Every structure is written in C-alpha cells, then in structure tokens.
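Descriptive structure summary
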Amino acid sequence: MKHAFALLGVFSLMVVGAAFADEPLAKSEVLPESTQPRHVRVTWMENPQTEAVISWSTTLPSSRNQVSYDSISRGGELRLYPARVRDVHSGEYTRQRDDLEYGEPPLYYHHAHLSGLKPATTYYFVVSSEGEDSQEFHFVTAPDDGRTVRMLFGGDSRIGGSEPYLHEDRRNMNLRMKALAEEHDDVIVFCHGGDFYQRAELRYMRPWLTDHELTVTSDGRIIPIIPVRGNHDRAIGFEEMFWWPEREHDYYFVTQLTGEIALVTLNTEISLAGDQRRWLDLRLRELRPENRWIYAQYHKPSYPSVRGWTDGEDRRHNFVPVFENHNVDIVTESHDHALKRTVPIREGGPHERGITYIGDGGLGVPQRTPDPTRWYLQEPGMTKPVHHVHLLEFYEDRIHGRAFGMEGDVLDDFSIPVQEQVVETAAAE
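Okay, so let's go over this structure.

**Topic: unusual backbone geometry**
Note the cis peptide between Gly359 and Asp360, where omega equals 0°. With respect to the helices and strands, Asp360 occurs in the loop between strand E20 (356-359) and strand E21 (382-384). In this structure, Pro380 follows Glu379 across a cis peptide bond, with omega equal to 10°. Mapping Pro380 onto the fold places it in the loop between E20 and E21. Positive phi, normally seen in glycine, also occurs at Glu130, with a value near 55°. Relative accessible area serves as the criterion here: at 26%, Glu130 is assigned to the partly exposed category. Positive phi, normally seen in glycine, also occurs at Asp156, with a value near 60°. Of note, Asp156 is situated in the loop between strand E10 (149-154) and helix H3 (168-183).

**What to know about the pairing of strand E23 (residues 398-404)**
Of all seven residues in E23, six are buried; the element is thus mostly enclosed. Relative to E23, strand E22 (residues 389-394) runs antiparallel, the two being bridged by six bridges. Note on E23: the bridge partner recorded for Glu393 is His400. Where E22 hands over to E23, the hairpin turn is made up of three residues, counted between the paired strands. If you look at the hairpin formed by E23 and strand E24 (residues 410-417), you'll find five residues sitting between the two strands, and Gly408 has a positive phi there, around 90°.

Definitions and cut-offs
Residues numbered from 1 in each chain as written. Predicted model: local features only at pLDDT ≥ 70, side-chain atom pairs only at ≥ 80, totals over all residues. Heavy atoms only, no water. Helix = DSSP H or I, 4+ residues; strand = E, 2+ residues; numbered from the N terminus. Buried < 20%, exposed > 50% of the residue type's maximum accessible area, 1.4 Å probe, protein only. Pairing = 2+ DSSP bridges.

Shown next as structure tokens:
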C-alpha cells in the first residue's frame, strides 16, 4: 500500500509539474534528510505593527537555529544583519498512527518570535539551522495609520479524498495569490479561514507546507498569515504549525491591522457561548469607537451556502447578535466549499444597514453545489461552486471586494459603504 501511495504521488507531481513549467517543483514527500530550511512563512496574531513569528521546517533535528534580520537588504550575507533571534521554539511534528503506518518520515518545526519591530517597515531576513541558511526573504509589518491597504482572504485549502499528494487545485490557487500579491504591493496579510489540511496527520500537513511556498513572490516577499482554526485542523498539529508565545485564548484574538481596521478572529471548534461570546462582546465594545472598519473571521458559517439552515444556528445565536449590536462591517466564513456573498443582513432578514457575509472556502478543496434559492443568497447576493480567493481593499469610504478564480477571472465584485455612525464619530473627533 505504501508503494501505491508513492507511485500516485510521483504521478501527481508529474501532472502538476507540467501545469507549472515555470515554477519550482515542490516534492515534499521526497525531501532529503537535511537541516536546510524549508516551508518558511510568517504568522501574525496580535500587534502586527511590532511582532511576527517566522517559522520554518527541517527534515533533521537542529539545536542551532536563528533568524538574522534587518530593515535593509543584506543579500543573504549573514554577518551583515545586525539583529538576530536565537531563542527559537523547535520540536518534532507529532506523527499520528497512520503517519507511522505509511512510513511518513519525521519533520521538525522552528518558530522565532520577533518583537520591537517598526510599523509599515520592510524586514529582510534569513533563517538558519545548524549552519544551513535560507535565501533572503522579506515581509512588511502592518501600518499604524489610516492608509488604504489590501488583504487576501480564502479558506479550505485542504485537498479531497484520501490521497495527500493530489493537490493541483491548491497549487493553482496559491499561484493566484502570488500573482495578486505581485500585482498589489499593498497586500499586507493573508487571512486563512481554516481547514488547512485534510486530517491532522503529517502526511497531509507536509504537502500543505510545501505548496504554501508557491505564494512567495518572485522577489522573496512573504505575505503574513493570520490563521483560523477549522474543523479539520485538529489535535496538536495546528499548534505546531501556528505557534505563538503566551497565547491568552484558544485561537480567538484581535489583530489591529492598521490604525483604522480591527480584525476579530474567532474559533468555531470550541464553545461559542460563555467565555468566547463574553470576550467578543467586550472587545467589540472597545474596538468600535476606535476603528473605521471591523472585520470578523471564523470557519463554520452562520449563513451556509451548501449545508442546511440549521447548521449555522449556533453561530447565529451566539455571534451574529453581538456583531449586529456593535455594527461589524464584514464577516468572512469558510467550510461549505462554494463561493458566496449574502445580502446585507440584520435582525434575521435583508437590511440596508446589515452585515455582509462572504466565503465559503475555495482554496483547493473540491467544490460543492450551493443552494441559490436561499433568501440571503438572492440578488444582490450570489453563490456558485468555484475555486476562489478574495482581494479586499479598505478605503476611507468603502470596502471593495473581488473574488478571483483560478485563472484570474473576476467571479464577484462588490462594495460595502462605511457606516454612517462611523463617519459621524470621525467628524466629531
């Protein structure tokens, strides 16, 4: 059986290689044993103006790990970088029973927490393990003012079926995100709506990490991820992929993306009532007067495009009234595997001052057939079964959103005007 999986993986990679002749072929399942850094990525949770976690993988354990960085490019010449982080959180990814059964080799994670950074600043860095260095990458910290910014949103990058190496659609979507980041240098972040992998097994996580390398721009820019936990992101594997020091809560938190945009990330895999709902109400009460835009994200939808109406009842009972009380502007959801945008919703029906919910997950997972007859998906809402990623642009007077397909075609185009009470507050100040 193990040999059958290997042959399928090789065949899949041959097909994918033909589709991406100009791209480096990522063969995660045949990486040699080495301390050469791979899977380099940047995570944000709180305080993206001053903090980030830089993560990478090696296929051999390493006790000497560091990040060398500067706000000036040093071309990868390690001795020229004035700042270093040597306190790196490292360990071996947990292999589940099926990993061991199929002979999945070990993989080691490394996470370096950078703090004391400056807002809206490009940081160039090299990661190192046991003297093996990466190329020079760079990322840009979030601004602390009210400038116009763009961000990417998408969910459900897991693959379908039982074979972890059949992932051409996910690779295509990653290349689409790379193209959007290269076209718009003010894309500051990638919000992932959850379900990164099929199961919490290393044989599914490793290909995701390798495929994610395709999002790095041609000049080495990495778009930071803000992760949402999905129902497939179980067990310790999610924490091993997206470690953050001294997390206060179980993957629900606020990210102040700019001086005027607050992002609230919620966790639909734990209790929505009680602590999480109280926290949400308190934080939105604090955030609304201080922000022009409030954006919320989580995995399982309040307004499903595919699953039955009752499937979203828990979120509609616990999250939606709090969103409406504090006039959240936009909500992103995943999980249902179709593209959707609802009509503006308030108090259980269409409303001109309602909240728009978009999603529902199309970064590689096989798409399902949505139900376009639902009241909240009628015009001006929409839905269709198609892979997609959203580009959200936050202006002073509106949010402009577009959903892009695999080939760069625009699948949806919409605007959300700034709420009147926000404009009045800003004028009063």
